[in-house]
Amino acid sequence: MTQTAPARHISRTTLYFFGALGGILFGYDLGVISGVLPFIGKLWALTSWDKGVITASLSVGAIVGALLSSRTNEALGRRRTIMVAAAIVIVGTLAATFSPTFALLVVSRLVIGLGIGLSSSTVPTYLSELAPARLRGAMGALNQIFIVLGILIAFLVSYWLGPISAWRWMFAGAIVPAVVLLLGLVFLPETPRWLVKNGQEAEARRVLASAHGSNVDLDEEIATINEVIRLDTEEKPRIRDLFSGFVRPMLVVALLLAIGQQFSGVNAINAYFPTMLIGLGFATQAALLSGVLLGVTKFLFTAWVVFVVDRWGRKPLLLIGNVIMVITLVAAGLVVLNVHDTGLRGILMLVMMVLYLVGYELGWGAVVWVMMSEVFPLKFRAAGMGVSSVVLWAATGIVSAVFPIISDPKSLGIGGSMFLFAGINVVLFVLTKWLVPETKGRSLEQIELDLRARQGVAAKG
């Protein structure tokens, strides 16, 4: 039986801070490429295809990491999986920093992606299994705050190092959050659900008391967890079971959220906005500063979502976000096609993208990661998050690889690309309205037991 060190009595603030710090790894490595591309594009004479490859290579590595996350989550636990992810990111970042060629940089980004894939599919599970129901939405949104904080830090580092073209140091910045995360998790506990499942009930009680405070009914919490585990262990979990029975509707929801988050167009903006502005006539440093403004917007509105996600609910925020994104993307497309003054066009595009990111962070930024960790039964949670993360990263890779090609003036151009993403967001609005349930204010066990009941799956006693 896997053993875990006794839980330490630590503040919930510390617990959630280090649990969510994995989001900074995710965000920094997503955002830093936007500052690197203008420099290596000139240095190595990169084509649109090359830029797509080096940007998407992170996603390809993340797919592999997400595929491995299910087994590592079950075998090592959530905490140790995140620690392994941080160590992999450190190795990949060092390789990227000193890569002498385009090919080796792509390989280094693949390694970084492996760690990011493990982390991105595990951190939301770690947070959701530690947080009490009344705070779970906020704690899940905390992960997204750290993702956008990582993106903002990457934009700031890129702007600061831009005047000296120090793109290698831009990559090196990812080592800092990876080391802090690795060291911090040494002192944090495993989740109570994983501990109970692995026969460590006394340890789980200590973790619940530390994470939930003195008001928690430990006997009731442990009894509920044990009941769900009993139901789930009646048959061995298999990936294919995600596609059948009472689990399938929730898999559909999770995949819709995973694909929708990326096809909404956000990582085309995160990775390529400075490049887009340079293509529209902006100077490199001005374009990098514009990226900083986008990062500040993402951070502020994600932080605000923490205070409303458990009051407004998940689904309304998704729908509001879609409406804002459609309006601003259409407006951005019209600006590109109809405004010919370079300065005015750049400023209007910046305004539209700031407003676009307001909509994204209100809904599809924080809410997606919260809900993907909520909707799966305990038995399938690790597998479900793994599959969802694989699909999310595949969608990220597709958008990252394809956007430089479709936004080329010989193809759809930047304006046409904005219209395309607007159309996708209309479809997402309809599908969300139709398929996505509301999960606020309910424990993970309540969500699962209700799902079983609604699907006619009787609990065997």
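Small disclaimer: the values here were computed from a predicted structure and weren't measured. (Residues numbered from 1 in each chain as written. Predicted model: local features only at pLDDT ≥ 70, side-chain atom pairs only at ≥ 80, totals over all residues. Heavy atoms only, no water.)

For the protein chain, the count of helices and strands is 20 helices and zero strands. Buried residues in the protein chain amount to 60% of all 461 residues. Across the protein chain, contacts joining residues at least 24 apart in sequence account for 85% of those joining residues at least 6 apart. Per element, the accessible surface of the protein chain, about 16900 Å² overall, is 70% carbon and sulfur. (Helix = DSSP H or I, 4+ residues; strand = E, 2+ residues; numbered from the N terminus. Buried < 20%, exposed > 50% of the residue type's maximum accessible area, 1.4 Å probe, protein only. Contact = heavy atoms within 4.5 Å. Areas by Shrake-Rupley, 256 points an atom, 1.4 Å probe, with all protein chains shown as cover.)

Let us look at empty space enclosed by the protein. Applying the stated criterion across every chain, the model contains four cavities of 30 Å³ or more. Approximately 80 Å³ is the volume found for the largest cavity. If you go around the largest cavity, you meet 13 residues; those closest to its centre are Phe26, Leu30, Gln144, Ile147 and Tyr360. Where the lining of the largest cavity is concerned, the elements lending two or more residues are helix 2 (22–43), helix 6 (133–161), helix 12 (248–263), helix 13 (266–279) and helix 17 (342–374). (1 Å grid on protein atoms, 1.4 Å probe; cavity = no way out; pocket = protein on both sides within 12 Å on 5 of 7 lines; lining within 4 Å. Points joined across faces, edges and corners; volume = space filled by probe spheres on them.)

Moving on: unusual backbone geometry. If you check the backbone angles, Ala45 has positive phi at about 50 degrees while not being a glycine. Within the secondary structure, Ala45 sits in the loop between helix 2 and helix 3 (48–76). Owing to a relative accessible area of 58%, Ala45 belongs among the exposed residues under this scheme. Phi angles above zero are rare outside glycine, and Ser165 is one such case at about 55 degrees. Topologically, Ser165 is positioned in the loop between helix 6 and helix 7 (167–172).

The next point concerns the pattern of salt bridges. Opposite charge on two side chains permits them to pair, given that their charged atoms come into close proximity. Per the counting criterion, the structure on display carries five salt bridges. With its nearest N and O atoms 3.7 Å apart, the salt bridge here joins Arg205 to Glu201. Taken together, the residues span about one helical turn, with Arg205 and Glu201 both in helix 10 (residues 201–212) at a distance of four residues. One salt-bridge network, in which partners are shared between bridges, spans Glu74, Arg78 and Lys197. (Salt bridge = Lys/Arg side-chain N within 4 Å of Asp/Glu carboxyl O.)

On to helix 8 (residues 175–185). Among all positions in helix 8, only Pro177, Ala178, Leu181, Gly184 and Leu185 are buried. Across the axial projection of helix 8, the buried residues extend over an arc of 140 degrees, all falling on one side. Exposed and facing more than 90 degrees away from the buried side of helix 8 are Val176 and Leu183. (Arc of directions from axis to C-beta.)

Turning to the packing of aromatic side chains, a few remarks are in order. Per the counting criterion, the structure on display carries five aromatic pairs. The structure contains a cluster of three or more aromatic residues connected by ring pairs, namely Trp44, Trp167 and Phe171. (Phe/Tyr/Trp six-rings, centres within 6.5 Å; stacked < 30°, edge-to-face > 60°.)

Looking now at helix 5 (residues 102–130). Along its 29 residues, helix 5 runs 42 Å from first to last C-alpha, staying within 8% of the 42 Å computed at 1.5 Å per residue. Thr122 marks the point of greatest bend in helix 5, at about 25 degrees, and the proline Pro124 comes within the next four residues. With 22 of 29 residues buried, helix 5 lies mostly within the body of the structure. (Expected span 1.5 Å × (residues − 1). Bend = angle between axes of the 7 residues up to and from the residue.)

Summarising the element assignment, Thr55 is placed in helix 3. Judged by its relative accessible area of 4%, Thr55 is buried. Polar side-chain contacts of Thr55 include one of 2.8 Å to the backbone oxygen of Lys51. The residues contacting Thr55, other than those within four sequence positions of it, are Ile33, Leu37, Arg109, Ala271, Tyr272 and Ser400. (Polar contact = N/O pair within 3.5 Å; in protein donor to acceptor, adjacent residues only side chain to side chain.)

Moving on: the nonpolar core. Ranked by internal contacts, the top residues of the largest apolar core, which has 129 residues, are Leu257, Met349, Met353, Met372 and Met418. It is helix 17 that contributes the most residues to this core, 16 residues altogether. With residues up to four places along the chain from it excluded, the contact list for Met349 reads Phe273, Met276, Leu277, Leu280, Ala332, Val335, Val336 and Ile414. (Core = buried A, V, L, I, M, F, W, Y, C linked by side-chain atoms within 4.5 Å.)

Structurally, Ile151 is set in helix 6. Note on Ile151: relative accessible area 2%, which makes it buried. Distance from Ile151 to Leu294, taken between C-alpha atoms, is 9.4 Å for residues 143 residues apart in sequence. Sequence-distant contacts of Ile151, that is, excluding residues within four places in its chain, are made with Gly27, Tyr28, Gly31, Asn270 and Lys298.

Orientation of helix 2 relative to helix 13, taken along the N-to-C sense of each, is 20 degrees, at an axis distance of 8 Å. By the angle between their axes, helix 2 is roughly parallel relative to helix 13. Note on packing geometry: the crossing formed by helix 2 with helix 13 is right-handed. Across the interface between the two elements, Leu30, Gly31, Ile33, Ser34, Leu37 and Pro38 from helix 2 touch Asn267, Asn270, Ala271, Tyr272, Pro274, Thr275 and Ile278 from helix 13. Looking at the contact of helix 2 with helix 13 residue by residue, the classes come out as eight nonpolar, five polar and no charged. (Axes fitted to C-alpha atoms, helices over the stretch in contact; angles between N-to-C directions. Parallel < 35°, antiparallel > 145°, perpendicular 65-115°, else oblique. Left-handed = near helix turned anticlockwise from the far one by under 90°. Nonpolar A, V, L, I, M, F, W, Y, C, P; charged D, E, K, R; others polar.)

Let's shift gears to the confidence of the model for the protein chain. On average, residues of the protein chain score 82 in pLDDT, and 85% of them reach the 70 mark or higher. Below a pLDDT of 50 lies the segment residues 457–461, which in the model reaches eight contacts outside its immediate sequence neighbourhood of four places, other chains included. (pLDDT = per-residue confidence, 0-100.)

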